[in-house]
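The primary structure of each chain is shown beneath.
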Amino acid sequence: MTYAAKLKVLFSRSDIACTVGRLASEISRDYRDKNPLLIGILKGSFIFLADLVRELDFPLEVDFVTLSSYGSARESCGQVKMLQCLRTDPCGRHVLVVEDIVDSGLTTSFLLEHIRKQNPASLKLCALSDKPSRRRTPVRIDYLGFTVPDVFIVGYGTDCNEEFRNLADICYLEEEV
Ligand code: PRP
């Protein structure tokens, strides 16, 4: 790839596989007999959710919402838009929201509040990465993969202006550090 020179690996594909396995163990322990509804937030969660569910060997359901607040900017505009809503009714279900990264916290807060109003049996959050230095609203992460420093990360589903989602590693742009 022509852009590879400016990217530095923060978490390699093997770090990620190991962490996804650990999260799957924690989730299996808590959800094995609950037929949970896993909700991925698009677009960023698409690779993480795909890898995670293949490590879960019990009945579950998958749905997606598409939310966006960044557009082409590197900071959240503060206004979360729901571009595509849920197709599954979360009422009475054990819901696990799956997210690639919690940054300001606005996206996950928005969705958790939206689902909570629909009376799920339980509601928890699994995030692959957390960047607590950027938080603008408190978010409880029940299953967490990595805590990341204050750099703009890309790869494994996460983009910068729609680029880099296809990287197998989680990287940062070198000029940022
Ligand atoms: C990114 C990312 C998270 C969100 C996290 O999504 O995938 O969903 O931002 O940021 P926050 O905690 O500050 O809200 P984005 O809005 O860029 O859309 P995308 O998933 O389509 O890339």
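Residue numbers here run from 1 along each chain, matching the order of that chain's written sequence. A pLDDT threshold of at least 70 governs which residues receive local features in this predicted model, and a stricter bar of 80 or more applies before side-chain atom pairs are shown or counted, although totals over entire chains, interfaces and linings include all residues. Note: side-chain values were computed over all heavy atoms of the structure, leaving out hydrogens and water.

Colleague: I'd love a proper account of empty space enclosed by the protein, names of residues and values included.
Modeller: Residues are said to line a cavity or pocket when one of their atoms sits within 4 Å of a point; the points come from a 1 Å grid over protein atoms alone, cavities being sets where a 1.4 Å probe fits but cannot get out and pockets being open sets with protein on both sides within 12 Å along at least five of seven lines. Grid points are joined across faces, edges and corners, and a volume is the space filled by probe spheres set on the points. One pass over the structure, following the stated rule, counts one cavity of 30 Å³ or more. In terms of lining residues, the largest cavity is bounded by Asp-100, Leu-128, Ser-129, Ile-153, Val-154, Gly-155, Tyr-156, Thr-158 and Ile-170. Of the residues that constitute the lining of the largest cavity, the class distribution is five nonpolar, three polar and one charged. Gly is put with the polar residues, along with every residue not named as nonpolar or charged; the nonpolar set is Ala, Val, Leu, Ile, Met, Phe, Trp, Tyr, Cys and Pro, and the charged set is Asp, Glu, Lys and Arg.

Colleague: Tell me about the layout of surface pockets, residues and numbers included.
Modeller: Empty space within the largest pocket amounts to approximately 590 Å³. Put simply, DSSP marks the helices as runs of H or I at least four residues long and the strands as runs of E at least two long, and each gets a number from the N terminus on. Among the secondary structure elements, those contributing two or more residues to the lining of the largest pocket are strand 2 (37-42), strand 3 (61-68), strand 5 (94-102) and helix 3 (106-116). In terms of residue count, strand 5 provides more of the lining of the largest pocket than any other element does, four residues in total. Split into classes, the residues belonging to the lining of the largest pocket amount to eleven nonpolar, twelve polar and eight charged.

Colleague: Can you lay out the pattern of salt bridges for me, pointing to particular residues and giving the numbers?
Modeller: Counted as salt bridges are all cases of a side-chain nitrogen of Lys or Arg within 4 Å of a carboxyl oxygen of Asp or Glu. Scanning all chains against the criterion turns up 15 salt bridges. When the shortest N-O distance is used, the salt bridge between Asp-169 and Arg-13 registers 3.1 Å. Residue Asp-169 is located in the loop between strand 8 (153-154) and strand 9 (170-173), and its partner Arg-13 is located in helix 1 (residues 13-31); the two are separated by 156 residues in the primary sequence. Residues Asp-159 and Arg-165 are paired through a salt bridge, measuring 3.5 Å at the closest nitrogen-oxygen approach. Accessibility classification places Asp-159 together with Arg-165 in one group, the buried group. Look at the salt bridges and you will find they share partners, linking Lys-43, Asp-159, Glu-162 and Arg-165 into a network. Note on exposure labels: buried denotes an accessible area under 20% of the residue type's maximum, exposed denotes more than 50%, and partly exposed covers the range between, all computed with a 1.4 Å probe on protein chains only.

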